[in-house]
Amino acid sequence: MVLFRRVLVFTILLTIHAGSFFSVAQDLPAGNPFLPDISAEFWMYRSFSQQKATFPMKAGYPALKTTLPALGFRWVFPAEKSVHFLKISVSLPGRLVSDNGTGNDYLTLKNRTGYFRTGLDYALDKSLFRWKFVEARHQLQSGLLYESRILAYHSGAMEITRDIQAYLGPGLHARFHLTPGWQAETFFDARFYLPWLNYGYLESFDEEKTEVYTSGYRGFYYHTLTGVAFTRNLAEKRALTAGFTQNHLVGFANTEPLFYLSHLVHFKLDRMCCFFIRVTI
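Position labels on residues start from 1 in each chain and follow its written sequence. With pLDDT at 70 or above as the cut-off, local features in this predicted model cover only qualifying residues; side-chain atom pairs require 80 or more to be listed or tallied, and sums for whole chains, interfaces and linings still use all residues. Hydrogens and water molecules were not included; the side-chain quantities draw on all heavy atoms of the structure.

Q: An account of the pairing of strand 7 (residues 158–177) is needed here, citing residue identities and associated values.
A: Burial classes: relative accessible area under 20% of the type maximum marks a residue as buried, over 50% as exposed, and values in between as partly exposed (1.4 Å probe, protein chains only). Only DSSP runs of H or I reaching four residues or more are called helices, and only runs of E reaching two or more are called strands; each is numbered from the N terminus. Counting buried positions along strand 7 gives 14 out of 20 residues, so the element sits mostly inside the fold. Sheet topology places strand 6 (residues 134–152) next to strand 7; 19 bridges connect them, and they run antiparallel. Paired with Tyr 146 across the two strands is Ile 164, which belongs to strand 7. Pairs of strands are assigned from DSSP output, requiring at least two bridges between the strands. By the bridge criterion, eight bridges tie strand 7 to strand 8 (residues 182–193) in an arrangement that is antiparallel. Bridge pairing links Ala 174 to Thr 186 in strand 8. Hairpin geometry of strand 7 and strand 8 is characterised by an intervening segment of four residues between the two adjacent antiparallel strands.

Shown next as structure tokens:
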């Protein structure tokens, strides 16, 4: 727990969201020290129940959901043949409610639940090819994701989970130079959270607030991000970008770092939509 708390403090100081890195800095000359971006984001989080324990897992109801406003800060470091992106993003804590599939909540006590998400992303971006107004780029990505979730049930029972997760993965992006002032971009990112690079901790309490179960766990998760964005170039390399990202995070966690289900402690069948507006200042 001491190690977990130290890593947690480090992550909160640095902080992320699973968003994508849009290549609005590709026309910048090498040697520009950085371009700061600020983004206002709106996250719609859904976490589904596990209907099938074997892999591939099947998601179903009841589902947990919340909406979270968030802020993102991104730095772009152009180099001669590549671009480096570093992004920090953090949400405001939100209240979770349950949806049984018809919009009703028979499960949770909303005023005692909570969800928080933050993290740090890095991407190395390089060109694949450019033909006329179409440009393709690929990325190598890595980062940290921290999540904290508190569930309080009508029975009085409670469950608390905390995760800090490191990922690696590729990204593929396509840019369309529509006019001298307008660009569109679409992307697909695949992120792998390996069991040896992740740690979580689960605590369960009964209706008397007595701790009935605690366990650390190691997760093996697969995370995909797809989305689109439109950028309007402004004067002096400034830009305004609006876009949408769809996130899918699927996987399981055992007491030991394994690639297969053994002593299952936790799982993720999460989907999150993200709408954002980003300003390059």
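Q: Outline the packing of aromatic side chains, supporting the account with residue identities and numerical values.
A: Ring pairs shown here join Phe, Tyr and Trp side chains whose ring centres sit within 6.5 Å, with only the six-membered ring taken for Trp; geometry is labelled stacked below 30 degrees between planes, edge-to-face above 60, and tilted in between. Evaluated as defined, the whole model comprises 10 aromatic pairs. Arranged with centres 4.8 Å apart and planes meeting at 90 degrees, the rings of Phe 220 and Phe 259 form a pair that is edge-to-face. Taken as a pair, Phe 220 in strand 10 (residues 211–233) and Phe 259 in the loop between strand 11 (239–254) and strand 12 (264–280) lie far apart in primary sequence, 39 residues in all. Overall, the relative accessible area of 23% leaves Phe 220 in the partly exposed class. A network of ring pairs unites the aromatic residues Trp 196, Phe 220, Phe 252 and Phe 259 as a single cluster. Ring-over charges, as used throughout, are those where CZ of Arg or NZ of Lys falls within 6 Å of the ring centre and within 35 degrees of the ring normal. If you follow Lys 268 out to its NZ or CZ, it ends over the ring of Tyr 221, 5.5 Å from the centre. Above the ring of Phe 48, the side-chain terminus of Arg 271 is found at 4.8 Å from the ring centroid.

Q: Give me the lowdown on a nonpolar patch on the surface, citing residues and values where you can.
A: By definition, no residue in a patch forms a salt bridge, and every one has over 30% relative accessible area; like charges are joined within 9 Å, nonpolar side chains (Val, Leu, Ile, Met, Phe, Trp, Tyr) within 5 Å. Note on areas: these come from Shrake-Rupley sampling with a 1.4 Å probe, and a residue is covered only by the protein chains present in the view. Put simply, a salt bridge is a Lys or Arg side-chain nitrogen that is within 4 Å of an Asp or Glu carboxyl oxygen. A cluster of nonpolar side chains, contributed by Ile 38, Leu 71, Phe 73, Leu 234, Leu 240, Ile 277, Val 279 and Ile 281, occupies part of the molecular surface with about 660 Å² of accessible area. For the nonpolar patch, the elements supplying multiple residues, two or more each, are strand 2 (58–78) and strand 12. Mapped onto the elements, Leu 71 comes out in strand 2. By relative accessible area, which is 43% here, Leu 71 ends up partly exposed.

Q: Describe the environment of Gln 183, naming the residues involved and giving the relevant values.
A: Structurally, Gln 183 can be placed in strand 8. Using a relative accessible area of 6% as the deciding quantity, one classes Gln 183 as buried. Along the backbone, Gln 183 and Thr 241 are 58 residues apart, and their C-alpha atoms lie at a distance of 9.2 Å.

Q: Please set out unusual backbone geometry residue by residue, giving values where relevant.
A: Of the consecutive residues Tyr 61 and Pro 62, the connecting peptide bond is found in the cis state with omega at 5 degrees. With a phi angle near 55 degrees, Lys 132 is a residue other than glycine that sits in the positive phi range. One can find Lys 132 in the loop between strand 5 (114–131) and strand 6.

Q: Could you give an account of the pattern of salt bridges, naming the residues involved and the relevant values?
A: A full pass over the atoms with the stated rule returns 11 salt bridges. With a closest N to O distance of 2.2 Å, Asp 37 and Arg 74 form a salt bridge. Residue Asp 37 is located in strand 1 (residues 35–52), and its partner Arg 74 is located in strand 2; the two are separated by 37 residues in the primary sequence. Residues Glu 147 and Lys 268 are paired through a salt bridge, measuring 3.0 Å at the closest nitrogen-oxygen approach. Here Glu 147 is found in strand 6, whereas its partner Lys 268 is found in strand 12, with 121 residues between them in sequence. For Glu 147, a relative accessible area of 2% gives the class buried. Its relative accessible area of 4% is what places Lys 268 among the buried residues. Several salt bridges converge on common partners, so that one network encompasses Arg 117, Glu 147, Asp 163 and Lys 268.

Q: Describe the environment of Gln 165, and please don't skip the residues or the numbers.
A: Here Gln 165 shows up in strand 7. By relative accessible area, which is 1% here, Gln 165 ends up buried. Gln 165 sits 35 residues away from Gly 200 along the chain, and the two C-alpha atoms are 8.2 Å apart. Contact definition: two residues touch when any of their heavy atoms are within 4.5 Å. When residues no more than four places from it in sequence are discounted, the contact partners of Gln 165 are Gly 143, Leu 144, Leu 145, Glu 147, Tyr 193, Leu 197, Asn 198, Tyr 221 and Lys 268. One polar contact links Gln 165 to Glu 147, side chain to side chain, over a distance of 3.4 Å. A 3.5 Å cut-off defines polar contacts: any pair of N or O atoms within that distance qualifies, except that in protein one atom must be a possible hydrogen donor and the other a possible acceptor, and neighbouring residues in sequence count only when both atoms are side-chain atoms.

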